[in-house]
Amino acid sequence: MLGHRWGEPWLDGSAEVRDNPPCMQSVSIAEIERSIRNVPDFPKPGIQFKDITPVLADGRLFRGAMEHLLAGVELGSVDKIVGIDARGFIFGSAAAAMLGCGFVPVRKKGKLPWTTHEQSYDLEYGSATVAIHVDAVRSGERVLLLDDLLATGGTAAATLALLDKLGARVLGIRFLIELSFLSGRDRLGNHPVKSLITY
Ligand code: AMP
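Rules and cut-offs
Residues numbered from 1 in each chain as written. Predicted model: local features only at pLDDT ≥ 70, side-chain atom pairs only at ≥ 80, totals over all residues. Near = placed C-beta within 6 Å. Helix = DSSP H or I, 4+ residues; strand = E, 2+ residues; numbered from the N terminus.

1. Comments concerning the site of the ligand
Moving on, step 1. What surrounds the ligand is a group of 17 residues, the closest being Lys-50, Ala-151, Thr-152, Gly-154 and Thr-155.
Moving on, step 2. Looking at the shell around the ligand, the elements that each hand over two or more residues are strand 2 (48-51), strand 7 (142-150) and helix 6 (154-165).
Moving on, step 3. Broken down by element, the residue count for the shell around the ligand peaks at 4 residues, all from strand 7.

Encoded structure:
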């Protein structure tokens, strides 16, 4: 498996290919997009909530979404996947298991048990704070940041500030969905940002 990149065929031996489970067949991004459920006025009026649970509930789509999210990422090139509370944990931990690297949760303030760094950011009304364990990433470690959705970019920008405090080397930031009309990527500096589905 060494040198394999996600997005390329797994194996070139025909016997092994025959033995692959059906969930490893390729899935188009359009098919993933069609399965995302739009829920108007959740959790409050005016918000079009993008519900990714139908993607998670279908093993083939979930696996396909993960393969697209990790396209071009070489095994051994990432030390830690950082996932953002809460749906970033789902995609982030799956990604870490697929790459065989570590997973680090960035959580809402007050949830992590050990010593943390914290970073606050503005919401439409009020503010929020995210936290990371001080020993979650060592200085110089190569990190890929994952979340389900990029909206205003506030959460991801606050996470980048935490990773900066730890001296992480951020290789890139990847989202399943981007709400481009909110210009979230403008808050993410020069980091390479990729999203599978853009609204
Ligand atoms: P933001 O900090 O504004 O970029 O918001 C990103 C976070 O809020 C992500 O972790 C998303 O899970 C969640 N989020 C924001 N807007 C939506 C939406 N319309 N549908 C689903 N999740 C959303």
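Structure's up, so let's keep going.
2. Re unusual backbone geometry
Moving on, step 1. Residues Phe-42 and Pro-43 are joined by a peptide bond in cis, for which omega reads 0 degrees.
Moving on, step 2. Relative to the helices and strands, Pro-43 is located in the loop between strand 1 (37-40) and strand 2.
Moving on, step 3. Backbone torsion omega between Asp-85 and Ala-86 reads 0 degrees, so that peptide bond is classified as cis.
Moving on, step 4. Residue position: Ala-86 is located in the loop between strand 3 (80-84) and helix 5 (87-99).
Moving on, step 5. In the Ramachandran plot, Asp-41 falls in the positive-phi region, its phi being about 60 degrees despite a non-glycine side chain.
Moving on, step 6. On the secondary structure map, Asp-41 appears in the loop between strand 1 and strand 2.
Moving on, step 7. Positive phi, close to 55 degrees, is recorded for Ser-183, a residue that is not glycine.
Moving on, step 8. Structurally, Ser-183 can be placed in the loop between strand 8 (169-178) and strand 9 (193-198).

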